[in-house]
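The chain contents come next:
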Amino acid sequence: DQQVKQNSPSLSVQEGRISILNCDYTNSMFDYFLWYKKYPAEGPTFLISISSIKDKNEDGRFTVFLNKSAKHLSLHIVPSQPGDSAVYFCAARSQAGTALIFGKGTTLSVSS
Amino acid sequence: DTAVSQTPKYLVTQMGNDKSIKCEQNLGHDTMYWYKQDSKKFLKIMFSYNNKELIINETVPNRFSPKSPDKAHLNLHINSLELGDSAVYFCASSQEGEAFFGQGTRLTVV
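Residues numbered from 1 in each chain as written. Chains lettered and ligands numbered in written order. Predicted model: local features only at pLDDT ≥ 70, side-chain atom pairs only at ≥ 80, totals over all residues. Heavy atoms only, no water.

Peer 1: What's the story with the overall build of chain B in this structure? I'm lost.
Peer 2: When helices and strands are tallied, chain B shows 0 helices and 11 strands. What you see in chain B, going N to C, is helices and strands ordered as β-β-β-β-β-β-β-β-β-β-β. Expressed along its principal axes, the backbone C-alpha trace of chain B runs to roughly 40 × 30 × 25 Å. Burial statistics for chain B: of 110 residues in total, 44% are counted as buried. Taking contacts inside chain B between residues at least 6 apart in sequence as the whole, the part at least 24 apart equals 54%. If you sum the accessible surface of chain B, you get close to 5,700 Å²; carbon and sulfur atoms cover 48% of it. The centroid of the 12 positive side-chain charges in chain B is displaced by 8 Å from the centroid of its 12 negative side-chain charges. (Helix = DSSP H or I, 4+ residues; strand = E, 2+ residues; numbered from the N terminus. Buried < 20%, exposed > 50% of the residue type's maximum accessible area, 1.4 Å probe, protein only. Contact = heavy atoms within 4.5 Å. Areas by Shrake-Rupley, 256 points an atom, 1.4 Å probe, with all protein chains shown as cover. Lys, Arg positive; Asp, Glu negative; His and termini not counted. Charge placed at Lys NZ, Arg CZ, Asp CG, Glu CD.)

As structure tokens, then:
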């Protein structure tokens, strides 16, 4: 039973446009949400996170939005760049020190 | 200086063999993990290890055993390897925030 779901396996965007990656979760005990970026043959790299007490967190071109009532979060990348092409994983955990639960990932392709 | 390092990066071995993957973190984190990424690219938690407390994902076969000689190391030992064990294994560590991952070990069982 998947607790974190990324229903779009892939997304293609043109350079300069906005990329929106979506994630849904089922466990209401999750209190911390993260996005990771992964290139082939490398480990996942932390991108941005958000606590359940917030609804938005911004870091440069990356913004994460959290809608707790809908159990939904999204990652916005604007403007998208070709170097953003990677697999993006959504993750969540229920308390500090516990393992992150990952979605299946969305492959983002940004074309120039 | 790599924060989380694991060795080897690639491992090819025959069915039935026993193998180990090593992981070291220099971040001073209290918690370490092992994740498995299968052929469907799904990252699944296998073990969490925190202050000598081991939390095991119940779906992990007991042929897999984590071994922690100290807080900075969490090695993964696998007995009697099977074809289905072929995957990429990631080590990670965390304190209270995000987890930091190693580069992964691609295990191929032939």
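Peer 1: For this particular structure, what's the right way to read unusual backbone geometry?
Peer 2: Glycine aside, a negative phi is what most residues show, and trans is what most peptide bonds show. With an omega of -5 degrees, the peptide bond between Val78(A) and Pro79(A) qualifies as cis. Positionally, Pro79(A) belongs in the loop between strand S8 (72–77) and strand S9 (86–93). Here Thr7(B) and Pro8(B) are connected by a cis peptide whose omega angle stands at 0 degrees. In this fold, Pro8(B) is placed in the loop between strand S1 (4–7) and strand S2 (10–13). Residue Ala41(A) is not a glycine yet carries a positive backbone phi of 65 degrees. Looking at the secondary structure, you find Ala41(A) in the loop between strand S4 (32–38) and strand S5 (45–51). The exposure class assigned to Ala41(A) is partly exposed, which follows from its relative accessible area of 49%. Positive phi, close to 50 degrees, is recorded for Lys71(A), a residue that is not glycine. In this structure, Lys71(A) sits in the loop between strand S7 (62–67) and S8.

Peer 1: Could you clarify how one ought to interpret the side chain of Thr13(B) in this entry?
Peer 2: Residue and element names in this part refer to chain B. Among the structural elements, Thr 13 can be located in strand S2. Side chain to side chain, Thr 13 and Asn 17 meet in a polar contact 2.9 Å long. Contact partners of Thr 13, with chain neighbours within four places excluded, come to Lys 19, Leu 81, Leu 107, Thr 108, Val 109 and Val 110. (Polar contact = N/O pair within 3.5 Å; in protein donor to acceptor, adjacent residues only side chain to side chain.)

Peer 1: What exactly am I supposed to notice about the packing of aromatic side chains here?
Peer 2: The description of an aromatic ring pair uses the distance of the two centres, along with the angle that the planes make with each other. Enumeration over the complete set of coordinates arrives at 13 aromatic pairs over all chains. Arranged with centres 5.9 Å apart and planes meeting at 70 degrees, the rings of Tyr36(A) and Phe46(A) form a pair that is edge-to-face. Highlighted residues: Tyr36(A) in strand S4 and Phe46(A) in strand S5, separated in sequence by 10 residues. For Tyr36(A), a relative accessible area of 0% translates into the label buried. Classification of Phe46(A) by relative accessible area gives partly exposed; the value is 26%. Through a chain of ring-to-ring contacts, the aromatic side chains of Tyr36(A), Phe46(A), Phe89(A), Phe102(A), Tyr33(B), Tyr35(B), Phe90(B) and Phe101(B) assemble into a single cluster. Its guanidinium or amino end placed over the ring of Phe42(B), Lys104(A) lies 5.8 Å from that ring's centre, counting from NZ or CZ. (Phe/Tyr/Trp six-rings, centres within 6.5 Å; stacked < 30°, edge-to-face > 60°. Lys NZ or Arg CZ within 6 Å of the ring centre and 35° of its normal.)

Purely geometric stuff here, so don't read any function into it on its own.
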